[in-house]
Amino acid sequence: MLPHIPPATTPPASGSLPPDAERGALQVPHLKRCWSRWMAARQGVVFEGAQGEAHRTQIVLAALGVGLEQTMHHVLREAPEFAAFEDWIVRTAGAPNAATVARIQALVDGGPPPEAALQLQARIDAMEPVLDADDLAYWDEHGYVVVRNAATPEHSAAAAQAVWQAVRADPADVESWYAHSPRNTMVQLFQHPAFEANRRSLRIHKAFAQLWGTADLWRSTDRCGFNPPERPGHPYGGQGMHWDVSLHRPIPFATQGILYLTDTPPEQGALTLVPGFHRRAGDWLAHLPSAADPRQQDLHALGATPVGAGAGDLVIWHQALPHGPSPNRGTRPRLVQYINLSPAHVPCHDIWV
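Notes on the structure follow. Keep in mind that this is a model prediction, so the values were computed, not measured. (Residues numbered from 1 in each chain as written. Predicted model: local features only at pLDDT ≥ 70, side-chain atom pairs only at ≥ 80, totals over all residues. Heavy atoms only, no water.)

Here we look at the overall build of the protein chain
Now for step 1: Regarding its fold elements, the protein chain presents twelve helices and eleven strands.
Now for step 2: Since a compact globule built from 353 residues should have a radius of gyration of about 20 Å, the 21 Å found for the protein chain is in line with a globular shape.
Now for step 3: When its C-alpha atoms are laid out on the principal axes, the protein chain stretches across 55 × 50 × 50 Å.
Now for step 4: Counting over 353 residues, the protein chain shows a buried share of 50%. (Helix = DSSP H or I, 4+ residues; strand = E, 2+ residues; numbered from the N terminus. Rg over C-alpha atoms; globule rule 2.2 N^0.38 Å. Buried < 20%, exposed > 50% of the residue type's maximum accessible area, 1.4 Å probe, protein only.)

Structure (structure tokens):
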């Protein structure tokens, strides 16, 4: 949830947004434009086309190593001048290297990717498939797939340790699991070397490339999660079944992903989704009463299924599937990292419903 927007201290530069090409000290295209849009929003000024630019904004921020929600919280809360906003990015995620800036520039200009990006794509293309024919058939039918051993044991264990540290808990001390655990399972930790190692996993990249049909993908910079077992005084507080996409038909293809950092059986708060719903979403939406809100229906009744998997396994699903975490009725906390890869251009709708 976004923070309360206090009175603005810095007005928008003008009555229109700056062009993508306008840059600041970091020389990153598009960055000033998205900052200007959020600064205007603090004053109640909403420019058209926000949804159309949302994917590009997320891509640029992720390439710089900051999360979308993390960045919006900072801008809406602090109202920084643009130079201070750029300084916050550097303090949070480090200064962008030349290859990152060049790739963002190519994205904005519509030109070919720089050599470093092309070399990575060639390396991914040359890899043996991660998803075999059975995996791909399962994806087509059910709209999700489990990528086994997507992260190495060492990398998943290191990321799990980062989550434990973030919530100030000890795996061997049950009481510590609850002292600082998040109410909604989400841990607002985006930057950590262990997380970045998993984001850069070639095996994960290859799996997404097979589903998208291209290795020219951009990594997300997302947060992690911690969901301890329910007990008296600590009920489940996570989000219910939902979509993270407009429900205008047809719902376009896009992926989402979650990496289990520890062994996670179905009852241990595993990701829950409705298998195969991408195939029937259109008919289901069309047959709802005209006044019915699809987001307020009993989505569990559609056939919700928890998907358990092992440490280092990645679940990728089609964004048309209703999904969400589930109450943890196991004996250990659920520790996860959210990871997604997508092309620079994906279909989206201008209206969120």
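Quick notes on the packing of helix α1 (residues 31–42) against helix α2 (residues 50–63)
Now for step 1: Axis separation between α1 and α2 bottoms out at 10 Å; the angle between their running directions is 125°. Viewed along their axes, α1 and α2 adopt a mutual orientation that is oblique. Regarding α1 and α2, the two cross each other, and that crossing is left-handed. Taking contact as the criterion, the partners of Leu 31, Arg 33, Cys 34, Arg 37 and Trp 38 in α1 are, on α2, Ala 50, Glu 53, Thr 57 and Leu 61.
Now for step 2: Of the residues that constitute the contact of α1 with α2, the class distribution is five nonpolar, one polar and three charged. (Axes fitted to C-alpha atoms, helices over the stretch in contact; angles between N-to-C directions. Parallel < 35°, antiparallel > 145°, perpendicular 65-115°, else oblique. Left-handed = near helix turned anticlockwise from the far one by under 90°. Contact = heavy atoms within 4.5 Å. Nonpolar A, V, L, I, M, F, W, Y, C, P; charged D, E, K, R; others polar.)

Observations regarding the sheet that holds strand β9 (residues 323–324)
Now for step 1: The sheet built from three strands is open, its strands ordered β7-β6-β9 with antiparallel pairing. In this open sheet, the two edge strands, each paired with only one partner strand, are β7 (305–306) and β9.
Now for step 2: Alignment of strand β6 (residues 272–273) against β9, held across two bridges, turns out to be antiparallel. Looking across to β9, one finds that Leu 273 is bridged to His 323. (Pairing = 2+ DSSP bridges.)

What about the layout of surface pockets?
Now for step 1: The calculated volume of the second largest pocket comes to roughly 710 Å³.
Now for step 2: What lines the second largest pocket is a set of 33 residues, and nearest its centre among them are Ala 63, Thr 100, Glu 196, Arg 200 and Arg 219.
Now for step 3: Taken together, the elements giving at least two residues each to the lining of the second largest pocket come down to α2, α5 (98–109), α6 (115–126), α10 (193–199) and β3 (218–219).
Now for step 4: Considering only residue class, the lining of the second largest pocket consists of 17 nonpolar, ten polar and six charged. (1 Å grid on protein atoms, 1.4 Å probe; cavity = no way out; pocket = protein on both sides within 12 Å on 5 of 7 lines; lining within 4 Å. Points joined across faces, edges and corners; volume = space filled by probe spheres on them.)

Brief notes about the nonpolar core
Now for step 1: Val 147, Phe 208, Phe 226, Leu 314 and Ile 316 are the most contacted members of the largest nonpolar core, which has 38 residues in total.
Now for step 2: In terms of residue count, the dominant contributor to this core is helix α11 (residues 202–212) (six residues).
Now for step 3: Contacts of Ile 316, omitting those with residues within four sequence positions, involve Trp 139, Gly 143, Tyr 144, Val 145, Val 147, Ala 207, Phe 208, Leu 211, Thr 255, Gln 256 and Gly 257. (Core = buried A, V, L, I, M, F, W, Y, C linked by side-chain atoms within 4.5 Å.)

Some words on the sheet that holds strand β8 (residues 314–318)
Now for step 1: An order of β1-β8-β5-β10-β4-β2 is seen for the six strands of this open sheet, with the pairing classed as antiparallel. Each of the sheet's edge strands pairs with one partner strand only, and the pair in question is β1 (144–147) and β2 (186–187).
Now for step 2: Taken together, the three bridges between strand β5 (residues 255–260) and strand β10 (residues 334–338) define a ladder with antiparallel strand orientation. Bridge pairing links Leu 259 to Gln 337 in β10.
Now for step 3: Docked against the sheet, helix α7 (residues 133–142) engages β1, β5 and β8, running at close to 145° with respect to β1.
Now for step 4: In the packing of helix α8 (residues 153–166) onto the sheet, contacts are made with β2, β4 (224–227) and β10, and the angle to β10 comes to roughly 110°.

Quick look at the packing of aromatic side chains
Now for step 1: In the structure shown here, the tally under the stated rule is eleven aromatic pairs.
Now for step 2: For the ring pair Trp 164 and Phe 226, a centre distance of 5.4 Å and an interplane angle of 70° mean the geometry is edge-to-face. Of this pair, Trp 164 sits in helix α8 while Phe 226 sits in strand β4, and the two are 62 residues apart along the sequence.
Now for step 3: Taken together, the ring pairs in this structure connect Trp 35, Phe 82, Phe 85 and Trp 88 into an aromatic cluster.
Now for step 4: The ring of Trp 218 has Arg 103 sitting right over it, with the charged end atom 3.8 Å from the ring centre.
Now for step 5: The ring centre of Tyr 178 lies 3.9 Å from the NZ or CZ of Arg 231, which sits over that ring. (Phe/Tyr/Trp six-rings, centres within 6.5 Å; stacked < 30°, edge-to-face > 60°. Lys NZ or Arg CZ within 6 Å of the ring centre and 35° of its normal.)

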